[in-house]
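Observations on chain architecture
Here's the letter readout for the chains.
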Amino acid sequence: MTIEEILKTGMVVTYNVALAKEIGLAEAIILNTIKQAGMTENGYVSYSSDVWTDLTGLTEKQAQKALDNLVKLGYLDIRTIKENDIESVQYRVK
């Protein structure tokens, strides 16, 4: 596959450069992905680790570390819900 073919396929990830300089590139990518996501009615979003990887290009470890850091920095609210005996973690931009 050529570079041109690669650039025409897949998802484009954007992020705020000033924010990336302040909190980190992975964090800026994750934060922007959450802001662009189709959220629930209360503003929360939940993805499995492989979806975070597909949406951001980050590894599972990078994505989880960025999510944890964003919660620690106070940029995200986090909650765990249980539906049909399945727990999921949801995030919302504060």
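What follows covers the packing of aromatic side chains. When we look at a pair of aromatic rings, we describe it by the centre distance and by the angle of the planes. Throughout the structure, instances matching the rule amount to two aromatic pairs. Between the aromatic rings of Tyr47 and Trp52, the centroid separation amounts to 5.0 Å while the plane-to-plane angle is 85°, which identifies the pairing as edge-to-face. The interplanar angle of 75° and the centroid separation of 6.4 Å between the aromatic rings of Trp52 and Tyr91 together place this pair among those described as edge-to-face. Here the residue Trp52 occupies a position in helix α4 (residues 49–56), and Tyr91 occupies one in strand β2 (residues 86–93), the gap between them amounting to 39 residues. A residue is classified by how much of its surface remains accessible, and Tyr91, at 4% relative accessible area, is buried.

Sheet topology places strand β1 (residues 76–83) next to β2; eight bridges connect them, and they run antiparallel. What sits directly across from Leu76, in β2, is Val93. Taking the residues that link successive antiparallel strands as the turn, the β1-β2 hairpin has two residues, and the phi of Asn84 there is positive, at about 50°.

This part is about the packing of helix α3 (residues 25–36) against α4. Packing of α3 against α4 leaves a shortest axis separation of 10 Å and a crossing angle of 100°. Between α3 and α4, the crossing angle belongs to the class labelled roughly perpendicular. Each of Ile29, Ile30, Thr33 and Ile34 in α3 lies in contact with α4, whose residues at this interface are Trp52, Leu55 and Thr56. In terms of residue class, the contact of α3 with α4 is built from five nonpolar, two polar and no charged.

The geometry of α3 relative to helix α5 (residues 60–73) is characterised by a closest axis approach of 9 Å and an angle of 80° between their N-to-C directions. Taken together, the axis directions place α3 and α5 in an arrangement best described as roughly perpendicular. Contact with α3, carried on its side by Ala26, Glu27, Ile30, Leu31 and Ile34, involves Gln62, Ala63, Lys65, Ala66, Leu67, Asn69 and Leu70 of α5 and no other residues of that element. Here the residues of the contact of α3 with α5 sort into eight nonpolar, two polar and two charged.

About the criteria used
Residues numbered from 1 in each chain as written. Predicted model: local features only at pLDDT ≥ 70, side-chain atom pairs only at ≥ 80, totals over all residues. Heavy atoms only, no water. Phe/Tyr/Trp six-rings, centres within 6.5 Å; stacked < 30°, edge-to-face > 60°. Helix = DSSP H or I, 4+ residues; strand = E, 2+ residues; numbered from the N terminus. Buried < 20%, exposed > 50% of the residue type's maximum accessible area, 1.4 Å probe, protein only. Pairing = 2+ DSSP bridges. Axes fitted to C-alpha atoms, helices over the stretch in contact; angles between N-to-C directions. Parallel < 35°, antiparallel > 145°, perpendicular 65-115°, else oblique. Contact = heavy atoms within 4.5 Å. Nonpolar A, V, L, I, M, F, W, Y, C, P; charged D, E, K, R; others polar.

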